[in-house]
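The lines below spell out each chain.
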Amino acid sequence: PHPLSYYLYSCTQTCEHVMNHSGLDDNLIDLLTLKFLPLRGNIAHHDYHHKFCGYAGRAKNFGETFWVWDWLFGTLAVTSKVRK
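Residues numbered from 1 in each chain as written. Predicted model: local features only at pLDDT ≥ 70, side-chain atom pairs only at ≥ 80, totals over all residues. Heavy atoms only, no water.

A. Geometry of the overall build of the protein chain. Of regular secondary structure, the protein chain possesses four helices and zero strands. Traced from its N-terminal end to its C-terminal end, the protein chain shows the element sequence α-α-α-α. Here the protein chain holds 84 residues, and 29% of them are scored as buried. Pairs at least 24 residues apart make up 43% of the contacts formed inside the protein chain by residues separated by at least 6 positions. (Helix = DSSP H or I, 4+ residues; strand = E, 2+ residues; numbered from the N terminus. Buried < 20%, exposed > 50% of the residue type's maximum accessible area, 1.4 Å probe, protein only. Contact = heavy atoms within 4.5 Å.)

Right under this line is the structure:
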C-alpha cells in the first residue's frame with residue numbers, strides 16, 4: 001500500500017482503539033469514530049467484551065468493529081446500550 005494510506009489508516013485505528021479503551025461513552029465519540037453507522041459496535045459493546053473476556057467458554061463480544069460477527073457466531077451479549 002501507499003505509505004500515506006498506511007499512515008492514515010494506522011493513525012485512525014490507533015485513535016479508535018484509544019477511544020474504545022477510554023471508558024468514555026458519548027454521542028460525540030460515536031460520531032468521531034463512526035460508531036453511529038449500522039452494524040458498528042459502540043463503546044459499551046467493547047466494554048462488555050472486557051468484562052467477560054477472561055471467562056473460558058463464556059467470553060462474549062469478540063467483534064471489535066462489527067457486532068454482526070458476534071451475532072453470526074453466537075458470542076453476542078446485548079446490553080441496554082448496545083445497538084442492534
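After that view of the structure, there is still more to cover.
B. Quick peek at the packing of aromatic side chains. Under the defined criterion, the tally for this structure stands at one aromatic pair. Between Trp 69 and Phe 73, the aromatic rings sit 6.5 Å apart at their centres with planes inclined by 20°, giving stacked as the arrangement. Taken as a pair, Trp 69 and Phe 73 lie in helix α4 (residues 68–73) at a separation of four residues, close to a single helical turn. (Phe/Tyr/Trp six-rings, centres within 6.5 Å; stacked < 30°, edge-to-face > 60°.)

C. Summary view of a nonpolar patch on the surface. A cluster of nonpolar residues, Leu 28, Leu 31, Leu 32, Leu 34, Phe 36 and Leu 37, forms a patch on the protein surface that exposes about 580 Å² of accessible area. Mapped onto the elements of the fold, Leu 34 is located in the loop between α2 (27–32) and α3 (43–52). (Patch = residues over 30% accessible without salt bridge, like charges linked within 9 Å, V, L, I, M, F, W, Y side chains within 5 Å. Areas by Shrake-Rupley, 256 points an atom, 1.4 Å probe, with all protein chains shown as cover. Salt bridge = Lys/Arg side-chain N within 4 Å of Asp/Glu carboxyl O.)

D. Structural detail: the state of the cysteines. All told, the structure shown has zero disulfides when counted by the stated rule. Residue Cys 11 stays outside any disulfide, its sulfur separated by 6.6 Å from that of Cys 15, the closest cysteine. Residue Cys 11 is classed as partly exposed on the basis of its relative accessible area, which comes to 31%. (Disulfide = S-S within 2.5 Å.)

E. Examining unusual backbone geometry more closely. Even without being a glycine, Leu 39 presents a positive backbone phi close to 70°. The topology assignment puts Leu 39 in the loop between α2 and α3. The class for Leu 39 is partly exposed, based on a relative accessible area of 41%.

F. Representation of the side chain of Asn 20. Locating Asn 20 in the fold gives a position in helix α1 (residues 3–20). Apart from residues lying up to four places away in sequence, Asn 20 is in contact with Lys 35, Ile 43, His 46, Asp 47 and Glu 64.

G. Fine view of α3. Inspection of α3 places Ile 43, Ala 44, His 45, His 46 and His 49 among the buried residues, and these make up the whole buried set. In the core, the buried residues of α3 are packed alongside α1, α2 and α4.

H. Structural detail: the confidence of the model for the protein chain. Overall, the predicted model of the protein chain reaches an average pLDDT of 79, with 88% of residues at or above 70. The secondary-structure element of the protein chain with the lowest mean pLDDT is α3, recorded at 76, while α1 shows the highest, at 90. (pLDDT = per-residue confidence, 0-100.)

I. Representation of the environment of Thr 75. Within the fold, Thr 75 resides in the segment after α4. On a C-alpha basis, the gap between Thr 75 and Asn 61 in space is 5.8 Å, while along the polypeptide they are 14 residues apart. In contact with Thr 75, other than residues within four places in its own chain, are Ala 59, Lys 60, Asn 61, Phe 62 and Asp 70.

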